[in-house]
Amino acid sequence: MTRGTYPRPARGVLVGAVLWMPILLVPFSAFFFETWLQLQIFERDYEAAELSREIRETNARIEGLEERADELMTLDRISEQAPDLGLVQPEPSQIEVVRVTPGSDYRIEEPFFEIARLPAAEPTGPPAAATDSGVP
């Protein structure tokens, strides 16, 4: 037998594969990277579509709630509930019109919400001096 008829040794195949590896690695790594980028794009598009859907649902809910609030605040509905709440029409003598001109020197001495404040409750606990421990 001659030397040319023998099959190539396994070592030669391994050396050939190692030599071709960088050449094959560059295009395949580019393809893998492109595939990874496409998957990232698809994932972000999916998330964007989900967020858009949630925004549409939230906006629809807000519009529905605004319509409901407008419906609940109509004068007819308030007029129907007024007697149940103890509200009555004011007498003409109870209406007082206050006009303030921009040039006037009008100053508010007390807060205007004083009318809505409940009367102050009497303190029921020990006086403030008794609760102080006196330690500086």
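Since this is a predicted model, take the numbers as computed values, not measurements.

Conventions used here
Counting starts from 1 at the beginning of each chain's written sequence and moves along it residue by residue. Where local features are concerned, this predicted model is filtered to residues with pLDDT of at least 70; where side-chain atom pairs are given and counted, the filter is 80 or more; whole-chain, interface and lining totals use all residues. Side-chain measures were taken over the full set of non-hydrogen atoms in the model, leaving aside hydrogen atoms and water. Numbering of helices and strands starts at the N terminus; helices are DSSP runs of H or I of at least 4 residues and strands are runs of E of at least 2. Per-residue accessibility, obtained with a 1.4 Å probe over protein chains only, is compared with the maximum for each type, and a residue is labelled buried under 20%, exposed over 50%, and partly exposed between these values. Surface exposure here means Shrake-Rupley accessible area, sampled with a 1.4 Å probe, where a residue is shielded only by the protein chains that are shown. The rule is short: rings of Phe, Tyr and Trp, with Trp giving its six-membered ring, pair when the centres are within 6.5 Å, and they are stacked under 30 degrees, edge-to-face over 60, tilted in between. In the sections that follow, a salt bridge refers to a side-chain nitrogen of Lys or Arg positioned within 4 Å of a carboxyl oxygen of Asp or Glu. Residues form patches when they are more than 30% accessible in relative terms and have no salt bridge. Like charges link within 9 Å. Nonpolar side chains (Val, Leu, Ile, Met, Phe, Trp, Tyr) link within 5 Å. Positive residues here are Lys and Arg, negative ones are Asp and Glu, while His and the chain termini are left out of the count. Lys charges are placed at NZ, Arg charges at CZ, Asp charges at CG and Glu charges at CD. Scored from 0 to 100, pLDDT reflects the predictor's confidence in each residue. Contact definition: two residues touch when any of their heavy atoms are within 4.5 Å.

Undergrad: Explain the overall build of the protein to me, please; I cannot follow it from the model alone.
TA: A tally of regular secondary structure across the protein gives three helices and zero strands. In the protein, the succession of α and β elements from N to C terminus is α-α-α. In the protein, which comprises 136 residues, the proportion classed as buried is 1%. Accessible surface computed for the protein: about 13,800 Å², of which carbon and sulfur atoms make up 63%.

Undergrad: Help me understand the packing of aromatic side chains, please; the structure alone is not making it clear to me.
TA: The geometry of an aromatic ring pair comes down to the distance between the two centres and the angle between the two planes. One pass over the structure, following the stated rule, counts one aromatic pair. Residues Phe33 and Trp36 carry aromatic rings whose centres are separated by 6.0 Å and whose planes lie at 25° to one another, so their mutual orientation is stacked. Highlighted residues: Phe33 and Trp36, both in helix H1 (residues 10-72), separated by three residues, approximately one helical turn.

Undergrad: I'm lost on the pattern of salt bridges in this one. Help?
TA: Pairing is possible between side chains of opposite charge, provided their charged atoms come close. All chains considered together, the criterion is met by four salt bridges. Among the ionic pairs, Arg44 bridges to Glu43, the shortest N-O distance being 3.5 Å. Measuring nitrogen to oxygen at the nearest pair gives 2.7 Å for the salt bridge that ties Arg68 to Glu71. One end of the pair, Arg68, and the other, Glu71, are both in helix H1, three residues apart, so they sit about a helical turn from each other. Arg68 sits in the partly exposed class, given a relative accessible area of 41%. Residue Glu71 is classed as partly exposed on the basis of its relative accessible area, which comes to 47%. Among the ionic contacts, a cluster of salt bridges with common partners joins Glu50, Arg53 and Glu57.

Undergrad: When you look at a nonpolar patch on the surface in this model, what are you seeing that I'm missing?
TA: On the surface, Val15, Leu19, Trp20, Ile23, Leu24, Phe28, Phe31 and Phe32 cluster together into a nonpolar patch covering about 920 Å² of accessible area. Secondary-structure assignment places Phe32 in helix H1. On the accessibility criterion, Phe32 (59% relative accessible area) is exposed.

Undergrad: So what exactly am I meant to see when it comes to a negative patch on the surface here?
TA: Taken together, the side chains of Glu63, Glu66, Glu67 and Asp70 define an acidic patch exposed on the protein surface. On the secondary structure map, Glu63 appears in helix H1. Judged by relative accessible area, which is 48%, Glu63 ranks as partly exposed.

Undergrad: Explanation requested: the confidence of the model for the protein in the structure shown.
TA: When pLDDT is averaged along the protein, the result is 77, and 67% of the positions lie at 70 or above. H1 holds the highest mean pLDDT among the elements of the protein, 91, whereas helix H3 (residues 128-131) holds the lowest, 50. Between residues 113-118, whose pLDDT stays under 50, and residues either more than four places distant or in other chains, the model counts zero contacts.

Undergrad: What am I meant to see in helix H2 (residues 75-85) here?
TA: Residues three or four positions apart in an α-helix share a direction because the helix packs 3.6 residues into each turn. For H2, a buried count of one out of eleven residues is recorded, marking the element as mostly open to its surroundings. Just downstream of H2, Gly86 is the residue with a positive phi angle, here 85°.

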